[in-house]
Amino acid sequence: MESDTWALLQALMSIRKTTPPEYPHPRELLSVNPYTPPATLVQSIMNSSPLLSELVVVREWLHDSVPSPAPLEPGATNGYWRFTRNAVLQGKRTGRTGAGLVGELDPDVVNRDGVEEKGLAPDDAAYEKAVLQALYAHVRAGQLEEAVELCRKANQPWRAASIRGALLFQWRAIANEPREVDAMDDEDAEDSQQWRGNVRRRLWKKICSQAALSNTLSLTERALYAALAPTAQTSISLKAIARTWEDHLWALVSLACEERLSVGLSAIERECFWENGLGALESGAAVPVEGAEEDVEEEWEQEVVQALEGLSNVQVADGAPADHPYHVSQLHIILDRTDLLLEAFATGLQEGTYVSSPEYTTMTRFFAHLCLFLQMIDMSVSPLATQIILEAYLQVLEAAGQRELIAMYAGALGDNAVERYALFLTSLELSADINERRLALTRAREHGLDIERVAIVTAERTIEKAFTILPPARGPLPFVSAMEPPPSEPEWLLVRSIEWTTFLETTYDTALEQTNVILRYFLGHGRVQVAKSLLDMLPPELGTLHEPEEEAAEYMQYRQFFGVWDALARVNECEALEQPQMNKETRAAWLSDYRTLIEQAHEQVVKLLTTEWLVGDPDSSAGGAKRQRDLVRIRQIYIPELIIRLHATLVNSRGRIPENLKLALTLVNVVADSRYRLYDDFSSQIGRRLGDYLTAVRHAVLAGLEGGGSDPFRILTV
């Protein structure tokens, strides 16, 4: 049904979207040539009526979409009523007529008055019924020539003649029709001299109507004649055999086309030789009443539209019902109401009417493509309805895991395209690895989306999503542990959010800002290792950026911090390598490395402490008050931590490197220096109080007296 609907849409839109050429009016043709054949006049009438032209296309579509008639088996006959004929001949010879059999063989014998209780031999009757059903199926499919051929094979030439009566009279030799010179070969020239069709079609149509209304004929035969010459009176016979919704539509369209053509021919019959004989030549052209044809056309159009609207609730015996979405769509397409169709479906989506329907996925796909198709051919489409339908289809694609198609359909959302595709990329969360993410982002460019904007919005939405799950950085300061637990899924989602803005160099500036936001969060929670994993993911080019200046400076200070943190960690690792059983050379080498690492750590820590590390400008507009609070929190966590760790490292190494005790006591001067105000970063929390550090200093002073003497400051002068 979906393919049939697309075929209908394509056939009708090709008419509606193209400007038809200028065709002469039937009266103009007759004024030039009163012998113009009816077939040519009918074509002119059809060209002058847009709705009639469309209905003819719809009828052809109905012919093409109906299943092909099954071939008729030869059956029991190889001649005209073979079994009945043999029985009649046997009766003539013996003088006894078979019970219930007709006594004559003319085609009308079974319908003649007085023989109601008689009929054909059972085999002939069954074959006759099958022939009629096959003939109707051929007519329903628009296959008149096939129906005629079937009649000939069934040895019923009179029925073939009856069917051929539907053809309009045509004679190319006397018709004013343009023909290509190249096509005028011998065969075409001979064909143009031959006439074809029914010269007395009006009389034929009258007889067909009588046959269609005759109670003596079978229902199928009545429907056959009603289909050949549909009228308002015979439509009841045609509808009686209609089984599907398409059958009802075909009956209505066939009737509408036939009525309009009949009215058009009746209006000009006085001027046409084939309708009025010599009277058309003697009376001359009739003077049409001004506006009469327009009134007739308008009245006919209103009747057709009203009849078509009635198909929305017609009862069917087979196939999909009238309210099936594709039938509803087809009817709206025929009525040229696609805008109302899309708005109605969009409203149903908003109200959740179709969500539970088994055809929800199929219909959402169809309507999404319908929106795109109509936009492509510049048809009027409601932007809101389009957005709702495409959004629903994107959800269908996401649920089906068809990620490769999301960008294409999101790109059709216009102003919302970037936001919608970014929403999809955000929904990937941790299910896609970095290569899948890169490929998904690349598809944005392939379908006309601003890839830089998509990357930025996706990163922003991912960060926002992670922050809605993660706890805020407030409350007591965390204790930094060397054995951190692995990152949780929300934490890892926050870390990987930076991938979106590091795929493209053009978004590195945004990546820089977002990196600082994420690092502030993790460091504010004491998650040093998670923060370091983020830093390891970043491209080295990020450290070469100078703009935005404040963000670039903050980023470099984070890198400085992790350098210091790693330096202290290397000291601890080296200290753990000391073994009692070391020989003299091995111990000397180890001690040299140990001394070097402590010197490097001391130098880096002091440099960090004396360079206003993460001292934000209160008047700066970058990040606002929250950023300033985060920076203060980070300093309160790590400044005391670094001071106490360095102090402990120096004091603990005094047995191997005695001068380190002096460095530990010298560090006090740095902490007390009012230029750096490091004492302000100590808090009232146990382990981070200034008193805790001073207690450690007191122990260091006492350690200086271990070598003897009573001067606590002697160690500073040694």
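Below is a short write-up of the structure.

Each value, and the rule that gives it
Residues numbered from 1 in each chain as written. Predicted model: local features only at pLDDT ≥ 70, side-chain atom pairs only at ≥ 80, totals over all residues. Heavy atoms only, no water. Helix = DSSP H or I, 4+ residues; strand = E, 2+ residues; numbered from the N terminus. Buried < 20%, exposed > 50% of the residue type's maximum accessible area, 1.4 Å probe, protein only. Contact = heavy atoms within 4.5 Å. Phe/Tyr/Trp six-rings, centres within 6.5 Å; stacked < 30°, edge-to-face > 60°. Core = buried A, V, L, I, M, F, W, Y, C linked by side-chain atoms within 4.5 Å. Salt bridge = Lys/Arg side-chain N within 4 Å of Asp/Glu carboxyl O. Axes fitted to C-alpha atoms, helices over the stretch in contact; angles between N-to-C directions. Parallel < 35°, antiparallel > 145°, perpendicular 65-115°, else oblique. Left-handed = near helix turned anticlockwise from the far one by under 90°. Nonpolar A, V, L, I, M, F, W, Y, C, P; charged D, E, K, R; others polar. Patch = residues over 30% accessible without salt bridge, like charges linked within 9 Å, V, L, I, M, F, W, Y side chains within 5 Å. Areas by Shrake-Rupley, 256 points an atom, 1.4 Å probe, with all protein chains shown as cover. Lys, Arg positive; Asp, Glu negative; His and termini not counted. Charge placed at Lys NZ, Arg CZ, Asp CG, Glu CD. 1 Å grid on protein atoms, 1.4 Å probe; cavity = no way out; pocket = protein on both sides within 12 Å on 5 of 7 lines; lining within 4 Å. Points joined across faces, edges and corners; volume = space filled by probe spheres on them.

### Structural notes on the overall build of the protein chain
Helix and strand content of the protein chain: 33 helices and two strands. Of all 718 residues assigned to the protein chain, the portion counted as buried reaches 45%. Looking at the protein chain alone, contacts between residues at least 24 apart form 70% of all its contacts between residues at least 6 apart.

### Details of the environment of valine 314
Mapping valine 314 onto the fold places it in the loop between helix H16 (292-310) and helix H17 (325-334). If we ignore the near neighbours within four places in the chain, the residues touching valine 314 are Trp245, His248 and Ala322.

### With respect to the packing of aromatic side chains
Geometry of an aromatic ring pair is reported as the spacing of the ring centres plus the angle between the planes. Under the criterion given, the structure shown has 19 aromatic pairs. When the ring of phenylalanine 561 is compared with that of phenylalanine 562, the centres are 5.2 Å apart and the planes differ by 70°; the resulting orientation is edge-to-face. Among the residues examined, phenylalanine 561 registers a relative accessible area of 0% and is labelled buried. The buried category is assigned to phenylalanine 562, whose relative accessible area is 3%. An aromatic cluster is present here, built from Trp6, Tyr326, Phe345, Tyr354, Phe366, Phe367 and Phe373 joined pairwise through their rings.

### Remarks on helix H3 (residues 38-47)
Judged by how many residues are buried, H3 sits mostly within the fold: eight of 10 residues are covered. Taken together, the buried positions of H3 are Pro38, Ala39, Thr40, Leu41, Val42, Ser44, Ile45 and Met46.

### Examining the nonpolar core
Of all hydrophobic cores here, the largest spans 120 residues; its most connected members are Leu249, Leu308, Leu342, Phe367, Ile389, Tyr421 and Leu425. The contacts of phenylalanine 367, once residues within four sequence positions are left out, are Ser329, Leu341, Leu342, Phe345 and Ile389. Counting 70 residues, the second largest nonpolar core, distinct from the first, contains Leu494, Phe522, Ala601 and Leu650.

### Points about the pattern of salt bridges
Following the criterion strictly, the structure yields 36 salt bridges and no others. Close ionic contact of glutamate 128 with arginine 159 constitutes a salt bridge, the shortest N to O distance being 3.0 Å. Taken together, the residues glutamate 128 in helix H6 (residues 122-140) and arginine 159 in helix H8 (residues 157-164) connect sequence positions 31 residues apart. For glutamate 429, the salt bridge goes to lysine 465, with nearest N and O atoms at 2.3 Å. Of this pair, glutamate 429 sits in the loop between helix H22 (417-427) and helix H23 (434-446) while lysine 465 is found in helix H24 (residues 451-469), placing the two residues 36 residues apart along the sequence.

### Let's talk about the packing of H23 against H24
Packing of H23 against H24 brings their axes to within 8 Å, and their N-to-C directions diverge by 140°. On the basis of their axis angle, the class for H23 and H24 is oblique. For the pair H23 and H24, the crossing hand works out as right-handed. On H24, the residues that touch Leu441, Thr442, Ala444 and Arg445 of H23 are Ile451, Val454 and Ala455. Classifying every residue of the contact of H23 with H24 gives five nonpolar, one polar and one charged.

### Side note on a negative patch on the surface
Taken together, the side chains of Glu294, Asp295, Glu298, Glu299 and Glu303 define an acidic patch exposed on the protein surface. Residue placement: glutamate 303 occurs in helix H16.

### Focus on the layout of surface pockets
To find the voids left in a structure, one rolls a probe of water-molecule size over its atoms. Of the voids in this model, the largest pocket is the one considered here, and its volume is about 1,200 Å³. Lining the largest pocket we find 41 residues, and of these Ala166, Leu168, Arg201, Glu258 and Leu261 sit closest to its centre. Broken down by secondary-structure element, the contributors of at least two residues to the lining of the largest pocket are H3, helix H4 (50-65), helix H7 (144-153), helix H10 (201-212), helix H11 (219-228), helix H13 (245-267) and helix H14 (273-276). With seven residues, the single largest contributor to the lining of the largest pocket is H13. Grouping the constituent residues of the lining of the largest pocket by class yields 20 nonpolar, 10 polar and 11 charged. The volume enclosed by the second largest pocket comes to roughly 720 Å³. Taken together, 30 residues line the second largest pocket, and the ones lying closest to its centre are Pro107, Asn111, Arg159, Leu217 and Glu221. The residue makeup of the lining of the second largest pocket, split by class, is 14 nonpolar, nine polar and seven charged.

None of this, on its own, says anything about what the molecule does.
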